[in-house]
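# Commentary on secondary and tertiary structure
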Amino acid sequence: MNEDANEFIAELEKKFDGKIDYRTYSTWYASSNGVMREFGVFIYEIHGIFHFEDFERKPAIFGFALNSNKKQPPYIKLEDSFNKDEIESITQISKSKATTAVKQSIKPGSIPLASLFEKIFSPLVTRVTLKDGKAHFFELINHKEFLQHFRGDM
């Protein structure tokens, strides 16, 4: 890790008064309350609380910022969390079905699990369903590692 990343991690650990037990990255995020991020979010756990946040991402090529004449909506930072004890289930569904569900306010529980065909040919997302019915959708780098981290707690 570079110095900036180490500094960022240290700030988070100080802010939440604990050590990060687990961390990963999601390249896409959505939630059942209509929030969707086409760029990624950083996910981490401290003291059994699952935190995630995004960062403003400006378009760039080879590190050079691209200027656009197109009016962009203002960036609004996403920060959210939930307790591991609130997790009802962790499953995989197709990204297209998750996107449709979020855009059309479809109940997360009615989205079917990914079929074998979808597992082979479609991008998948991890659906984390909470006991209150809310769901978070993460396009994780490693679903199995994520699931393994939470398996003993469910």
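We now turn to the structure provided with this report. Keep in mind the model is a prediction, meaning the values are calculated, not measured.

Across its full length, the protein chain carries 4 helices and 10 strands. Across the protein chain, helices and strands are ordered from the amino to the carboxyl terminus as α-β-β-β-β-β-β-β-β-α-α-β-β-α. The burial tally for the protein chain puts 39% of its 154 residues in the buried class. Taking all contacts inside the protein chain whose residues are at least 6 apart in sequence as the whole, residues at least 24 apart take part in 61%. Summed over its atoms, the accessible surface of the protein chain is roughly 9,900 Å², and 53% of this surface lies on carbon and sulfur atoms.

Turning to the packing of aromatic side chains, a few remarks are in order. Any pair of aromatic rings gets described here by the distance separating the centres and the angle formed by the planes. Under the criterion given, the structure shown has 15 aromatic pairs. Ring centres of phenylalanine 50 and phenylalanine 82 lie 4.6 Å apart, and the angle between their planes is 45°; on these two criteria the pair is classed as tilted. Taken together, the positions of phenylalanine 50 in strand 4 (residues 49–54) and phenylalanine 82 in strand 7 (residues 79–83) put the pair 32 residues apart, joining distant regions of the chain. As far as burial versus exposure is concerned, phenylalanine 50 and phenylalanine 82 are alike and both buried.

Now for unusual backbone geometry. For aspartate 17, which is not glycine, the phi torsion reads 50° and is therefore positive. Summarising the element assignment, aspartate 17 is placed in the loop between helix 1 (3–15) and strand 1 (22–31). The backbone of serine 105 shows a phi angle near 55°, a positive value even though the residue is not glycine. Looking at the element boundaries, serine 105 is found in the loop between helix 2 (95–103) and helix 3 (116–121).

A few words now on the nonpolar core. Judged by nonpolar contacts, the single largest core of 17 residues is most densely connected at Phe50, Phe52, Val128, Phe138 and Phe146. Those elements giving two or more residues to this core turn out to be strand 1, strand 3 (41–46), strand 4, strand 8 (87–94), strand 9 (124–130), strand 10 (135–140) and helix 4 (143–151). In contact with phenylalanine 146, not counting residues within four places along its chain, are Tyr22, Thr24, Phe50, Ile90, Thr126, Val128 and Leu140. Of all hydrophobic cores here, the second largest spans 11 residues; its members include Trp28, Met36, Ala101 and Ile111.

What counts, and at which threshold
- Residues numbered from 1 in each chain as written.
- Predicted model: local features only at pLDDT ≥ 70, side-chain atom pairs only at ≥ 80, totals over all residues.
- Heavy atoms only, no water.
- Helix = DSSP H or I, 4+ residues; strand = E, 2+ residues; numbered from the N terminus.
- Buried < 20%, exposed > 50% of the residue type's maximum accessible area, 1.4 Å probe, protein only.
- Contact = heavy atoms within 4.5 Å.
- Areas by Shrake-Rupley, 256 points an atom, 1.4 Å probe, with all protein chains shown as cover.
- Phe/Tyr/Trp six-rings, centres within 6.5 Å; stacked < 30°, edge-to-face > 60°.
- Core = buried A, V, L, I, M, F, W, Y, C linked by side-chain atoms within 4.5 Å.

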